[in-house]
Amino acid sequence: MATENAKKKGALDWYFKTNLLRRILIGLVLGAIVGVVLGFFPDAVGPYVGAIKFFGDLFIRLLKMIVVPVILFSLITGAASIAPSRLGRVGVKVMVYYLLTSAFAVTIGLVFANIFRPGLGFNIIGAAGAAGKAAAAPTISQILLNIVPTNPVESLTKGDVLPIIFFAVVFGLGISFVKDSKNDKIAKGADTLYDVCNAAAETMYKIVGGIMQYAPVGVFVLISIVFAQQGPKAIGPLLIVTLTVYIGLLVHLFGVYGGILAINKLGFIRYWKGANEAIITAFVTRSSGGTLPITLRVTEENLGVPRTISSFSLPLGATINMDGTAIYLGVCAMFIGYATGNPLTFNQQLTVVITATLASIGTAGVPGAGAIMLLMVLESIGLKVTEGSAVAAAYAMILGIDALLDMGRTALNVAGDITGTAIVAKSEKELDLAKWGK
Ligand code: ASP
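Residues numbered from 1 in each chain as written. Predicted model: local features only at pLDDT ≥ 70, side-chain atom pairs only at ≥ 80, totals over all residues. Heavy atoms only, no water.

*Asks:* Would you mind showing me how to read the site of the ligand here?
*Replies:* Near the ligand you find 17 residues, and of these S288, T325, G370, D406 and R409 are the closest. Between a nitrogen atom of the ligand and a main-chain N or O atom of R286, the distance comes to 3.0 Å. Within the side chain of R409, a nitrogen or oxygen atom sits 2.7 Å from an oxygen atom of the ligand. For the ligand, the protein covers 100% of the area, taking 270 Å² as the surface of the free molecule. Because more than half of its atoms lie within 2 Å of the grid, the ligand is assigned to the largest cavity. (Near = heavy atom within 4 Å. Polar contact = N/O pair within 3.5 Å; in protein donor to acceptor, adjacent residues only side chain to side chain. Areas by Shrake-Rupley, 256 points an atom, 1.4 Å probe, with all protein chains shown as cover. 1 Å grid on protein atoms, 1.4 Å probe; cavity = no way out; pocket = protein on both sides within 12 Å on 5 of 7 lines; lining within 4 Å. Sits in = over half its atoms within 2 Å of the grid points.)

*Asks:* Sorry, what's going on with empty space enclosed by the protein here?
*Replies:* Over the atoms rolls a probe the size of a water molecule, and its path tells where empty space is left. Enumeration over the complete set of coordinates arrives at two cavities of 30 Å³ or more. Size it by volume and the largest cavity reaches roughly 60 Å³. For the largest cavity, the lining is made up of 14 residues, of which A364, V366, D406, T410 and N413 are closest to its centre. When residues of the lining of the largest cavity are assigned to their parent elements, the largest contribution, four residues, is made by helix α18 (residues 402-427). A class-by-class count of the residues in the lining of the largest cavity yields three nonpolar, eight polar and three charged. Its volume calculated, the second largest cavity comes out at about 40 Å³. Every residue lining the second largest cavity is listed: I60, L63, K64, T285, S287, G290 and P367. Of all the elements, helix α3 (residues 42-80) adds the most residues to the lining of the second largest cavity, at three residues. Taken together, the residues that form the lining of the second largest cavity break down as three nonpolar, three polar and one charged. (Points joined across faces, edges and corners; volume = space filled by probe spheres on them. Helix = DSSP H or I, 4+ residues; strand = E, 2+ residues; numbered from the N terminus. Nonpolar A, V, L, I, M, F, W, Y, C, P; charged D, E, K, R; others polar.)

*Asks:* Even after reading the chapter, I still don't get the pattern of salt bridges, so can you show me in this structure?
*Replies:* Inspection of the entire model under this criterion finds eleven salt bridges. Here E154 ties to K158 by a salt bridge, and the two come within 3.3 Å at their closest N and O atoms. Pair noted here: E154 and K158 are both in helix α6 (residues 152-158), with a separation of four residues, about one helical turn. K158 gets classed as exposed once you look at its relative accessible area, which sits at 53%. One salt bridge connects E301 with R297, and the closest N-O pair in it is separated by 3.6 Å. Within this pair, E301 and its partner R297 are both found in helix α12 (residues 288-301), separated by four residues, close to a single helical turn. On the basis of relative accessibility, which here comes to 44%, the residue E301 falls in the partly exposed class. Among the ionic contacts, a cluster of salt bridges with common partners joins R89, K93 and E428. (Salt bridge = Lys/Arg side-chain N within 4 Å of Asp/Glu carboxyl O. Buried < 20%, exposed > 50% of the residue type's maximum accessible area, 1.4 Å probe, protein only.)

Quick look at the structure:
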């Protein structure tokens, strides 16, 4: 009995003393192995998922719980502590970076799809019917207007990130003006309000640290479920799509981000060491929005970006900067073209660059959102997903492996937000270079 207790204590000790990243990686690898093995016993998958899903859902819920308060409080304090003109300049830089890298990402996706030609020779003909997910994709003007909340409290309860960002920035700016009020009492009140928001933001970060202690378990469960359910499917004809997407993602990570960092004299290895906790969390949760608390923490603690910049650029990035999704959209549009015997013309591919960039901006940072935006891209090149059509059948195939593709694209989405944030902070001379070994 005594030895058993000692053993238990030893395991717990080991758990809490081992470096978090190592534990997460162990969860990831074990989860993948268990999932792949289970995938070969289809009858066991259902009961396994039923039994274990709770522990994965718990991790997602804990992260989701903290997202809105983290964004709200860190952004209010961020906006209140930066001069409005600087906020404007940082905003423009961040937006330019996000837009350019996304357009680049689609192009990379298209280039690799032209090389590997996923779907060529499939000759799918209609029937399978996949119109299930054919929800309407929003229009551009709708996306823009929706940034301004008609009721901030409603946006907070619904967790709509862009309106929350908008409101928090405006609120933070308001505080910074009121702090300078000539009326002492009001100025003091604004100071207190700022202090309260700041303390609330710190508290949220502490909670995030606590949630991360559970991450290895959550990671194990989530990964094992995805692999058990989807692994074997991707080994079939869709393997080449999966490979093309992942090659595009890796090239973008090392080539584009690595290049941008190198131009700014920042080392990729330091970047990776600082950022990987967030990137891996994005990989397993398939949600940039859900990963945001971690992204904020690592960017500040490991990469030395001040909160005045990260609290603005990261929530914005988690909502509109989706380079991984852009690559995925490019590759999948090409796949559907090839698979249905309508290879995309050069002009159609140009259209895809534009619509996929915009679609990636409109993609919500939640699991599977990119697959809905794929409809918008397909529509723009005349490939309509109508019930029973060949396009619908090809689209259904993509949906079948969406979770696998979503993991990689979400990881890159988050990696891109972190890169952009670090670069903008450096250009503002606000980056703590000591964290980068300088
Ligand atoms: N899951 C992705 C994200 O959260 C969005 C997508 O589905 O492409 O970044």
